[in-house]
Amino acid sequence: MSNSISKETSCLCGDVKIKATNINPKYTVCHCETCRTWGGGPLFAVQCGADVQFEDTKSLKEYDSSDWATRGFCSNCGTHLFYRLKKTGEYNMPVGLFPPIEKLEMTMQYFSDKRPDNYCFSNKTQEMTEAEIHAYFADSV
Ligand SMILES: [Zn+2]
Ligand SMILES: [Zn+2]
């Protein structure tokens, strides 16, 4: 992809070092209950493709959060590191994990029907409800 971006970062304690070489600056927000429980709020995530490298993984733990995805975090400091699709191995990673990413743009909100009514974003984005997501991703799960 011509507009993909490369960044290096680490978790808060520095145990897990990460290099993502294919970051798409058009990011998504997920309002599903799992994401909100996991992070205390909606998950702001950039797609990083399957090409993500981890250096020194002794503190990297993975949690099997659904039939189709795994979530990774640092077991020492608790930093959330990724949401990875099992079928494709593609990573979605928290936007705030990285140093500033050029041309970031919120383009999609997933599980828009699960968004609690105590917050909303004024960004103009596409939205998908739970039913639309299940229909759209039925083939890839
Ligand atoms: Zn850590
Ligand atoms: Zn979610």
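Residues numbered from 1 in each chain as written. Chains lettered and ligands numbered in written order. Predicted model: local features only at pLDDT ≥ 70, side-chain atom pairs only at ≥ 80, totals over all residues.

Caption draft 1: A look at the sheet that holds strand β10 (residues 105–110). Read from one edge of the open sheet, eight strands run β6-β7-β8-β9-β4-β3-β10-β11, paired in mixed fashion. Each edge of the sheet is formed by a strand with only one pairing partner; in this case those strands are β6 (60–64) and β11 (126–128). Recorded for the sheet is a direction-independent mean angle of 30° between the axes of neighbouring strands. Relative to β11, β10 runs parallel, the two sharing three bridges. By the bridge assignment, Gln109 is partnered in β11 with Glu127. (Pairing = 2+ DSSP bridges. Helix = DSSP H or I, 4+ residues; strand = E, 2+ residues; numbered from the N terminus. Axes fitted to C-alpha atoms, helices over the stretch in contact; angles between N-to-C directions.)

Caption draft 2: A look at the sheet that holds strand β5 (residues 52–55). If you trace the three strands from one edge of the open sheet to the other, you get β1-β2-β5, paired in antiparallel fashion. The open sheet is flanked by β1 (5–10) and β5, the only strands paired with a single partner. Neighbour-to-neighbour, the strand axes of this sheet turn through a mean angle of 10°, independent of strand direction. Sheet topology places β1 next to strand β2 (residues 17–23); five bridges connect them, and they run antiparallel. When the sheet's bridge partners are listed, Lys7 is paired in β2 with Ala20.

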